[in-house]
Amino acid sequence: MNMGNIVKNGIVKENPVFIQFLGMCPVLAVTGTATNGLGMGLATTAVLLGSNTVIALMKSFIPSKIRIPSFIVVIATFVTMIGMVMNAYIPDLYNALGIFIPLIVVNCLILGRAETFASKNSTTASVVDGLSMGLGFTLALVVLGGVRELFGSGSIFGVELLGEAYPAMGIMVQPPGAFLALGLLTALFNVVILKRIK
Amino acid sequence: MREIIKLGFILLAITSVAGLILGGVNSMTADIIEERALEESMEAIEAFFPESDGAGFVDDADVLDYDLVDEVYEVRQGDNVIGYTIKTVPNGYDGPIEILTGITIDGEITGVEILSQTETPGLGDRITTDDFKEQFIGQSSDSEVDVDVLSGATVSSNAVVNGVNAAINVFEEELRN
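For clarity, every value in this text was computed on a predicted model and none was experimentally measured.

S.K.: Which parts of the structure should I look at to understand the overall build of chain B?
M.R.: A count of helices and strands for chain B gives 4 helices and 7 strands. Going from N to C terminus, chain B has its helices and strands arranged as α-β-α-β-β-β-β-β-β-α-α. Computed over its C-alpha atoms, the radius of gyration of chain B comes to 21 Å, more than 25% above the 16 Å expected for a compact globule of 177 residues. Referenced to the eigenvectors of the C-alpha coordinate spread, the extents of chain B come out at roughly 75 × 45 × 25 Å. Within the span of chain B, comprising 177 residues, buried residues form 33% of the whole. Looking at chain B alone, contacts between residues at least 24 apart form 51% of all its contacts between residues at least 6 apart.

S.K.: Would you explain the sheet that holds strand β6 (residues 98-104) of chain B in this entry?
M.R.: Neighbouring strands of a sheet are bound in pairs by backbone hydrogen bonds; such pairs are parallel or else antiparallel. Residues and elements named next belong to chain B. Strand order across the open sheet formed by 5 strands is β1-β2-β3-β6-β7, with antiparallel pairing between neighbours. Taken across any chain shown, the strands that pair with only one partner, and hence form the sheet edges, are β1 (54-57) and β7 (109-116). Pairs of neighbouring strands in the sheet enclose a mean axial angle of 25°, with direction left out of account. Two strands pair when backbone bridges link them, and β1 and strand β2 (residues 69-77) are joined in this way by 4 bridges, in the antiparallel orientation. The partner of Gly 56 across the bridge, within β2, is Glu 74. Where helix α1 (residues 2-48) meets the sheet, its contacts fall on β1, β2, β3 (80-88), β6 and β7, and the angle it forms with β7 comes to roughly 160°.

S.K.: Even after reading the chapter, I still don't get the packing of helix α7 (residues 123-153) of chain A against helix α8 (residues 175-197) of chain A, so can you show me in this structure?
M.R.: What describes two packed helices is the angle between their axes and the distance between those same axes. Residue and element names in this part refer to chain A. Where α7 contacts α8, the two axes come as close as 10 Å, and the packing angle between them is 120°. When the interaxial angle is binned, α7 and α8 end up oblique. Crossing angle aside, the handedness with which α7 passes α8 is right-handed. Across the interface between the two elements, Val 143, Leu 144, Val 147, Arg 148 and Gly 152 from α7 touch Gly 177, Ala 178, Ala 181, Leu 182 and Leu 185 from α8. Residue classes in the contact of α7 with α8 are distributed as 7 nonpolar, 2 polar and 1 charged.

S.K.: Sorry if this is basic, but what is going on with α8 of chain A here?
M.R.: It helps to recall that an α-helix has 3.6 residues per turn; residues three or four apart then point in one direction. Residues and elements named next belong to chain A. With 23 residues, α8 ought to run about 33 Å at 1.5 Å a step, and its terminal C-alpha atoms sit 32 Å apart, in line with that. Along α8, the sharpest kink reaches roughly 30°, centred on Asn 190. Looking at the packing, one finds that the buried side of α8 touches α2 (24-29) and α7.

S.K.: It is not clear to me how the environment of Met 58 of chain A should be interpreted in this structure. Could you clarify?
M.R.: Residues and elements named next belong to chain A. Structurally, Met 58 can be placed in helix α3 (residues 34-58). With 18 C-beta atoms packed within 10 Å, Met 58 lands in the partly exposed category. A C-alpha to C-alpha distance of 9.6 Å links Met 58 and Ala 118, two positions 60 residues apart in sequence.

S.K.: In this structure, what is going on with the environment of Gly 158 of chain A? I would like to understand it.
M.R.: Residue and element names in this part refer to chain A. Turning to its location among the elements, Gly 158 is positioned in the loop between β1 (155-156) and β2 (159-160). Exposure remark for Gly 158: the 10 C-beta atoms within 10 Å place this residue in the exposed category. Along the sequence, Gly 158 and Thr 33 sit 125 residues apart, while their C-alpha atoms lie 7.8 Å from each other.

S.K.: Help me out: how do you make sense of the pairing of β2 of chain B in this one?
M.R.: Strand residues, when the strand is regular, have side chains that alternate between the two faces of the sheet. All names here are of chain B. Of the strand pairs in this sheet, β2 and β3 are connected by 8 bridges, and their pairing is antiparallel. Within β3, the residue paired with Val 75 across the bridge is Gly 83. Connecting β2 to the next strand, β3, in antiparallel fashion are 2 residues, including Gly 78 with a positive phi near 65°.

S.K.: How should the packing of helix α1 (residues 3-13) of chain A against α7 of chain A be read in this particular structure?
M.R.: All names here are of chain A. Put simply, α1 and α7 touch, their axes get as near as 7 Å, and they point 30° apart. Taken together, the axes of α1 and α7 lie roughly parallel to each other. Viewed along their axes, α1 and α7 form a crossing whose handedness is right-handed. Here Met 3, Ile 6, Val 7, Asn 9, Gly 10 and Ile 11 of α1 come into contact with α7, specifically with Ala 125, Val 128, Asp 129, Ser 132, Met 133, Leu 135, Gly 136 and Leu 139. Broken down by class, the residue content of the contact of α1 with α7 amounts to 9 nonpolar, 4 polar and 1 charged.

The rules we used
- Residues numbered from 1 in each chain as written.
- Chains lettered and ligands numbered in written order.
- Predicted model: local features only at pLDDT ≥ 70, side-chain atom pairs only at ≥ 80, totals over all residues.
- Helix = DSSP H or I, 4+ residues; strand = E, 2+ residues; numbered from the N terminus.
- Rg over C-alpha atoms; globule rule 2.2 N^0.38 Å.
- Buried ≥ 20, exposed ≤ 12 C-beta atoms within 10 Å, placed from the backbone.
- Contact = placed C-beta atoms within 7 Å.
- Pairing = 2+ DSSP bridges.
- Axes fitted to C-alpha atoms, helices over the stretch in contact; angles between N-to-C directions.
- Parallel < 35°, antiparallel > 145°, perpendicular 65-115°, else oblique.
- Left-handed = near helix turned anticlockwise from the far one by under 90°.
- Nonpolar A, V, L, I, M, F, W, Y, C, P; charged D, E, K, R; others polar.
- Expected span 1.5 Å × (residues − 1).
- Bend = angle between axes of the 7 residues up to and from the residue.

Right, dumping it as structure tokens:
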């Protein structure tokens, strides 16, 4: 598989959020603001990159009978490491994301890539796949968070855009807004981007 | 049988390496995390008591056993205790909220600071705005505090009020002379 295709798959054709609908728990829960979406996306990308790399390196060493527990141990190690590093160096984001950082362990995107890609492909391809899928996930979260923040609080990345006169639609930053925005954005993604690529 | 043992050893090897790595990262970050938390508390204490020149932990089990109370600092100016800063952790709408409350030795609230919270963005997280926090300043510890709750964020507002009331309670019952 050539690298260009892997990148395109991760970001557009098999976008983890808009096409595969993986990892919906963090996608819906932390995208109240663009900043949180970006933070969650980057944390997930870091875990995905780490786990894909290590699993691709170890694939001949891990017997297939115990591959799932082995993958989980590798993923959990990266998640815990990243949680500790974030708590030490970017505490504001760590506090904002809260419980969703440890929950990256159970993000099915990460185990999914380990099982379907990293355990079957070369290390280089797995690194590229981890980065692309992570980037696709991050982009989706930033767009979703940005849209929700814009309509729900009148700002993007915490910068006031719409001013005091704008009646903030509180529902957009609450759970129902997450479903609404995700549905509408997925429709838009299908119409605008997928049509063009096919 | 042989295979099971072999698989067990492979898993043991993987988890041992993972454990070692995590131990290493933990020992690198634990101090920074603790130091930063302390620094945040100290900054808040300085804001509550600009005239203070030092603060220290109150390490008294009777005091720390109170409901919601997590840490208590004694704020000093020279040799005199001029007030206390009490960290309480009530439950908000979406998880615990860490609150610092500054109370002078005469029983006046000098400030409330939210150290960490996970309330709903745009609604509950407005408890961190100055407009909300400043309402507490100047109130007396003789009775429970009285503030306007934020519309749409009653649970979050009340959680902060509960935290401050818990601080007042321990101050009145244990710390005030």
